[in-house]
Amino acid sequence: MRRVAVVVFPGSNCDADTLDAARAAGSDAYYVWHRDTDLRQADAVVLPGGFSYGDYLRSGAIARFSPVLQAVAAHARAGGAVLGICNGFQILCEAGLLPGALMRNARLKFLSRPVRVRVEATDTPFTHLYERGEELTVPIAHGDGRYVADAETAALLEANGQVVWRYVGDNPNGSTNDIAGICNGGRNVVGVMPHPERRNARVLGGQDGARVFLSMEARNATQHAGDMRAVDGRHLRV
Amino acid sequence: MSAFRVEIRVMPRATLLDPQGQAVQHALHALGFREVGAVRMGKHLVVELQAGSPQEAAERARTMCDRLLANPVTEDYDVAVEAA
């Protein structure tokens, strides 16, 4: 059982869903408040979606300076697994833990609907139970989801296989190279705009997001990844 | 030390798509302002601070921009100092 810290900022609104998704995958998940400086021996940290600090100035710009982010940055530098979902992705970019930035959607509208993404990288702590090239349906819910990086950074991301999820069919927000999620050079820090925690059970319309959390739980676990099939009866393919 | 007022202009980098500026441009065209070309939209911040000189005030403001007020990936900024 992995210890998973779900960070709660003022304005987070996907924290409960994220905690539930991590617990459904078998993790020992718990909340950490933005003023905390101790991650309490977390194996993995998840920055959930929402509108931290009201998205004032820029999405994620203020959260970056919260006390807990110092601990998250130290955890990341030590090679610990960190996942940022939506606003969490924005915070990781603002904090410099991931390259690039997220800007206003190209067509300005706040978008809340399922999208199709292709799994491009499976060598991360959050995607190793997926198959490369697999297509998923996962919801987005963002106003600032357009991933931008300069040409040099984008080329490096592609060359190093750091694009984790890519929109297929329709690019909802105008992101560079249809990017929906990336990882850092060390591959331990991952950011995604779509919300896997909103698609982790049939009752939510699908379970394409479940393996993000099952991957996190199975990472370095003592049991073989094949055993994850048994977790909550939710896991389809190992 | 004396009081200064620093006006900071933060603009989306010219090479990046600025959908807000485009929306304003379309709205101006719809209102009949056909002469309008490109519109870009950014932020204007007014910071009051204490500093030893206008140069120091500008320097401090630039540091604030680098650390918080502007995103170096997507935005450019300039600062103008005046005595408060």
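Residues numbered from 1 in each chain as written. Chains lettered and ligands numbered in written order. Predicted model: local features only at pLDDT ≥ 70, side-chain atom pairs only at ≥ 80, totals over all residues.

Enquirer: Even after reading the chapter, I still don't get the overall build of chain B, so can you show me in this structure?
Expert: Regarding its fold elements, chain B presents two helices and three strands. Helices and strands in chain B line up, N terminus first, as β-α-β-α-β. In terms of overall dimensions, chain B is more spread out than a globule: its C-alpha atoms have a radius of gyration of 16 Å, far above the 12 Å expected for 84 residues. With the C-alpha coordinates of chain B rotated into their principal frame, the extents come out at 50 × 25 × 15 Å. Across the 84 residues of chain B, 20% fall into the buried class. Taking contacts inside chain B between residues at least 6 apart in sequence as the whole, the part at least 24 apart equals 69%. (Helix = DSSP H or I, 4+ residues; strand = E, 2+ residues; numbered from the N terminus. Rg over C-alpha atoms; globule rule 2.2 N^0.38 Å. Buried ≥ 20, exposed ≤ 12 C-beta atoms within 10 Å, placed from the backbone. Contact = placed C-beta atoms within 7 Å.)

Enquirer: I would appreciate a short explanation of the sheet that holds strand 2 (residues 43-51) of chain B in the present structure.
Expert: Picture the strands of a sheet paired through backbone hydrogen bonds; they go either parallel or antiparallel. All names here are of chain B. Read from one edge of the open sheet, three strands run 2-1-3, paired in antiparallel fashion. Since the sheet does not close on itself, it has two edges, and those belong to strand 2 and strand 3 (75-83), each with one partner. The average undirected angle you get between the axes of adjacent strands in this sheet is 25°. Against the sheet, helix 2 (residues 54-69) touches strand 1 (2-12), strand 2 and strand 3, its axis set at about 40° to strand 1. (Pairing = 2+ DSSP bridges. Axes fitted to C-alpha atoms, helices over the stretch in contact; angles between N-to-C directions.)

Enquirer: Got a minute to help me understand the interface of chain B and chain A in this structure?
Expert: Interface extent is often summarised as the accessible area lost during association of the parts. Each partner contributes residues to the interface: chain B has nine residues there, and chain A has 11 residues. Looking at the side of chain B that touches chain A residue by residue, the classes come out as six nonpolar, three polar and no charged. (Nonpolar A, V, L, I, M, F, W, Y, C, P; charged D, E, K, R; others polar.)

Enquirer: Can you help me understand the confidence of the model for chain A in this one?
Expert: Note: predicted coordinates in regions of low pLDDT should not be interpreted at a detailed level. Within chain A, residue pLDDT values average 92, and 92% of them lie at 70 or more. Confidence over residues 221-238 of chain A falls short of pLDDT 50; this stretch has 26 contacts with residues more than four positions distant or in other chains. (pLDDT = per-residue confidence, 0-100.)

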